[in-house]
Structure formats: C-alpha cells, structure tokens
Amino acid sequence: MSGCMQVMTTVSSREEGDRLAGILVEQRLAACVQVVGPISSTYRWEGEVQVAEEWQCQIKTRAEIFNVLKESIRKHHSYDTPEIVAMPIALGSADYLTWIEKNVTLPH
C-alpha cells in the first residue's frame, strides 16, 4: 500500500474548481487536481431533494497531510458542508506515486 490517496470534493462551477485546484497545488497540499464535469448530483439538503450541476475535483495527495488538506478545502470552499472523501491509492505506477510524494509537502 502506498502512502498516497485521492481526495474528492464537488464544487458549484468550473471556475471554483480551477480556483480551488490552484490553491491546493500552490500550497503543495496536492500534486495534481483534476476538475471533471459537469456532473449531475441528486441529494437531500435541508429536508428536500435537490438536483444540481457540479464539478468534481479529484485531488492527488499524501495520506499523512489529509487533515491539513481537509481544512484548506473547507476554508476555500463555497459550500456549508462540502463533500470531502478520501480513498487510499493501494497500487499504482511507482514513478507516479513517487511524483505525488515529491510534490506534496507538510506545511512548516
């Protein structure tokens, strides 16, 4: 098992996704953020079923900095309760996983 993970969040627009991606990569909390969409999301919010167009951000990072990454997403996200879910990257190309590890650093 690698020490890398993919974290996902959704945002309301491509512009917000690109802005969040830039912040996370600039802060070195992510090696790469892919902004995918639009996607259609159906969910329950404040007691009612909602349908919205969203963009998914797939964030490549190191597991050990998840809590710092999570707080940065919350700080820069427009939603009250943003989706922040993480999945470990169990296997992958050794070169790619090394690249993630080299490009994500713990804040000082």
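What you see is a predicted model, and the numbers here were worked out from it, not measured in a lab. (Residues numbered from 1 in each chain as written. Predicted model: local features only at pLDDT ≥ 70, side-chain atom pairs only at ≥ 80, totals over all residues. Heavy atoms only, no water.)

**Details of the pattern of salt bridges**
Tallying each qualifying case throughout the model produces 3 salt bridges. Arg-62 is paired through a salt bridge with Glu-64; the nearest N and O atoms lie 2.7 Å apart. For Arg-62, a relative accessible area of 16% gives the class buried. Here Glu-71 and Arg-74 are joined by a salt bridge, their closest N and O atoms 3.1 Å apart. Within this pair, Glu-71 and its partner Arg-74 are both found in helix H2 (residues 66–76), separated by 3 residues, close to a single helical turn. What makes Arg-74 partly exposed here is its relative accessible area of 46%. (Salt bridge = Lys/Arg side-chain N within 4 Å of Asp/Glu carboxyl O. Buried < 20%, exposed > 50% of the residue type's maximum accessible area, 1.4 Å probe, protein only. Helix = DSSP H or I, 4+ residues; strand = E, 2+ residues; numbered from the N terminus.)

**Re helix H1 (residues 14–26)**
Every α-helix carries 3.6 residues per turn, so stepping three or four residues along brings you back to the same face. The end-to-end C-alpha distance of H1, which contains 13 residues, comes to 18 Å, matching closely the 18 Å that a straight helix rising 1.5 Å per residue would cover. Of all the positions in H1, only Glu-16, Gly-17, Leu-20, Ala-21 and Leu-24 are classed as buried. On an axial view of H1, the arc spanned by its buried residues comes to 135°, and they lie on one face. In H1, those exposed residues whose orientation departs by more than 90 degrees from the buried face are Glu-15 and Glu-26. Looking at the buried positions of H1, the neighbouring elements they touch are strand E1 (4–11), strand E2 (32–45), strand E3 (48–62) and H2. Once H1 finishes, Arg-28 follows within two positions and takes phi at roughly 65°, a positive value. (Expected span 1.5 Å × (residues − 1). Arc of directions from axis to C-beta. Contact = heavy atoms within 4.5 Å.)

**What to know about the nonpolar core**
Within the largest apolar cluster, 24 residues are counted, with the highest numbers of intra-cluster contacts made by Val-7, Leu-24, Val-33, Ile-59, Leu-69, Ile-73 and Ile-100. Of all the elements in the fold, those that place two or more residues in this core are E1, H1, E2, E3, H2 and helix H3 (94–103). The dominant element in this core, judged by the number of residues it contributes, is E1, at 4 residues. Sequence-distant contacts of Val-33, defined by excluding residues within four places in its chain, comprise Ala-21, Leu-24, Val-25, Cys-57, Gln-58 and Ile-59. (Core = buried A, V, L, I, M, F, W, Y, C linked by side-chain atoms within 4.5 Å.)

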